[in-house]
Amino acid sequence: MRLSVAAAISHGRVYRRIGFGPRGRLDLLRNLVTALVRHERIETPWARADEMRGYAERLIDYAKRGDTDERAMRMANFWLTEKDLIHKLFKVLAPRFQPHPGSYTRMLHIPNRDALDRAKMAVIELKGNPLPPLIRPRRDSEKTLLNQLLKGYREDLHRAAAP
Amino acid sequence: CRASGDGKPAKFQPPPKPVIIDKQKQRTERRFLSPEFIPPRGRTDPLKYYMERKDMIQRRKVFNIPEFYVGSVLAVTTADPYANNKSNRFVGICIQRGGKGLGATFVLRNVIEDQGVEVCYELYSPRIQAIEVLKLEKRLDDNLMYLRDALPEYSTFAVNMKPVPYLDHEEIPVNKLQVRMKPKPWSKRWERPKYNIKGIKFELPESKMKEAQKWSQPWLEFDMLREYDTSKIEEKIWKEVNEGLKK
């Protein structure tokens, strides 16, 4: 039984209220998606990056359908304001992500913005981009005690298995 | 009879055997999954929908719920303790199918003695004794609530209407009827694009139609996160329901 909810309670609402109304929200996210497709890595407030992530991944799913598909072309036309990026989306990004079934973006935190608002920032990038990597997974050096012991154990196994 | 050249009696030629083309197997089987089986988008545990589906399949094994759409004419007999024969028959056109799971409902509308009557029945209620489809057809819209503001001739159906036979392997006919409305005011502003109604013949002036378009939200069709793709879910549920009904 669904009773009308008071406007102040937002239980279960999935869309954040950013920009000027629902139209403004979509325009803002459209600009961000265009920028992401152009530069493949952008720095924005965390909330905007979070909203934009879902739309970017669905846009790539549409692009995977191919550019002969009427619906995919209309979506790409709406979402990318700079029309040369439509070509990039269908010819570069769609084949790049063809083998992957799911997540095409990576979102990481960044220190707060330097301006007066100290906004929580995030960087969002498409996987497989040509820029240098954001995080390098560091492995422990070989000189640590545990690694030396493990190396010795492996050598013992080899010597036991060899003759 | 054939006159033979050499005087012998004509040999009996059997007629050519008729070739039976089984059209039923050639056409793709029409699948119909009742809309209340498809779980809505949300954060509820799928276990709840699974349990409801088991109960729905159990009920369907005992009682036959036929395939019908919004716009088809149905006759429903329910058990009524205060009626003469303890049962009550109502005939009407289905204007809306709502609810998911065991609480699925459908609303039937008819005009009886110049009074419009709408009854909301629950599909899986044990009080319902029989559902017959008198006329199986689809309409241009999913929701025919505008029939309340249409001329009463579009909602009247005879109570002793004979069922219209329909063939099993043909497609469901879509009735492209454009309904004429009573003069305004209506219960809802049906000309607004939010309702997306195709089955009304609007006889309003052009200025009113243009003013209604001011409330259109053209960005809504491009909002990708609002789409709910049910094809894979439907496949799984179709298999589950079929296996359940076969046992």
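First, a word on scope: everything that follows refers to the structure included in this document. Keep in mind that this is a model prediction, so the values were computed, not measured. Note on numbering: residues in each chain are counted from 1, in written sequence order. Chain A is the first chain written and ligand 1 is the first ligand written, with later ones labelled in order. Confidence filtering applies because this is a predicted model: local features only for residues at pLDDT of at least 70, side-chain atom pairs given and counted only at 80 or more, and all residues used for totals across whole chains, interfaces and linings. Computation of side-chain values: all heavy atoms of the structure, hydrogens and water removed.

## With respect to the overall build of chain A
Okay, so step 1: By definition, any uninterrupted DSSP run of H or I lasting at least four residues is a helix, any uninterrupted run of E lasting at least two residues is a strand, and each is numbered from the N terminus. Check the secondary structure of chain A and you find 5 helices and 3 strands.
Okay, so step 2: Listing each helix as α and each strand as β along chain A from the N terminus yields α-β-α-α-α-β-β-α.
Okay, so step 3: Based on C-alpha atoms, the radius of gyration is set beside the globule rule, defined as 2.2 Å times the residue count to the power 0.38. Rg of the C-alpha trace for chain A: 23 Å, well past the compact-globule value of 15 Å for 163 residues, more than 25% over.
Okay, so step 4: Along the first, second and third principal axes, the C-alpha set of chain A runs to 75 × 45 × 45 Å.
Okay, so step 5: Sorting the 163 residues of chain A into buried and exposed places 33% on the buried side.
Okay, so step 6: Contact between two residues is taken to exist if any of their heavy atoms lie within 4.5 Å; hydrogens are not considered. Of the contacts made within chain A by residues no fewer than 6 positions apart, 59% connect residues no fewer than 24 positions apart.
Okay, so step 7: Accessible areas in this description were obtained via Shrake-Rupley with a 1.4 Å probe; residue shielding takes into account the shown protein chains only. Carbon and sulfur atoms provide 56% of the accessible area of chain A, an area that totals close to 11400 Å². When accessible area is computed with a 1.4 Å probe and restricted to protein chains, residues below 20% of their type maximum are described as buried, those above 50% as exposed, and intermediate ones as partly exposed.

## Thoughts on helix α2 (residues 46-64) of chain A
All names here are of chain A.
Okay, so step 1: The length a helix should cover is 1.5 Å for every residue beyond the first. Over its 19 residues, α2 runs 27 Å from end to end, which matches the ideal 27 Å to within 8%, given 1.5 Å per residue.
Okay, so step 2: Working definition for bend: take the seven residues up to and ending at a residue and the seven starting at it, fit an axis to each, and measure the angle between the axes. At Met52, α2 is deflected by roughly 30°, the largest bend along its length.
Okay, so step 3: When α2 is considered as a whole, its buried residues turn out to be Ala49, Glu51, Met52, Tyr55, Ala56, Glu57, Leu59, Ile60, Tyr62, Ala63 and Lys64.
Okay, so step 4: The inward-facing, buried residues of α2 abut α1 (21-39), β1 (41-45), α3 (70-79), α4 (84-97), β2 (105-110) and β3 (121-126).
Okay, so step 5: Phi turns positive one or two residues past the end of α2, at Gly66, with a value near 105°.

## Some words on the interface of chain B and chain A
Okay, so step 1: Counting residues at the interface gives 10 residues for chain B, matched by 15 residues for chain A.
Okay, so step 2: Approximately 1400 Å² of surface area, both sides summed, lies buried where chain B meets chain A, with 63% of it carried by carbon and sulfur atoms.
Okay, so step 3: Joining two parts hides part of their accessible area as seen by a 1.4 Å probe, and the buried area is that hidden amount summed over both. When the buried surface of chain B facing chain A is broken down by residue, Trp219, Phe222 and Met224 of chain B rank first, second and third, together holding 54% of it.
Okay, so step 4: A side-chain nitrogen of Lys or Arg and a carboxyl oxygen of Asp or Glu constitute a salt bridge if their distance falls within 4 Å. Between the two partners, chain B and chain A, sit 2 salt bridges.
Okay, so step 5: Residues adjacent in sequence count toward polar contacts only when both atoms are side-chain atoms; beyond that, a polar contact is any pair of N or O atoms within 3.5 Å, and within protein one must be able to donate a hydrogen and the other to accept it. Where chain B packs against chain A, one counts 8 residue pairs in polar contact (both at pLDDT 80 or more).
Okay, so step 6: Residues are grouped as follows: Ala, Val, Leu, Ile, Met, Phe, Trp, Tyr, Cys and Pro are nonpolar; Asp, Glu, Lys and Arg are charged; every other residue, Gly included, is polar. Its residues assigned to classes, the side of chain B that touches chain A shows 5 nonpolar, no polar and 5 charged.

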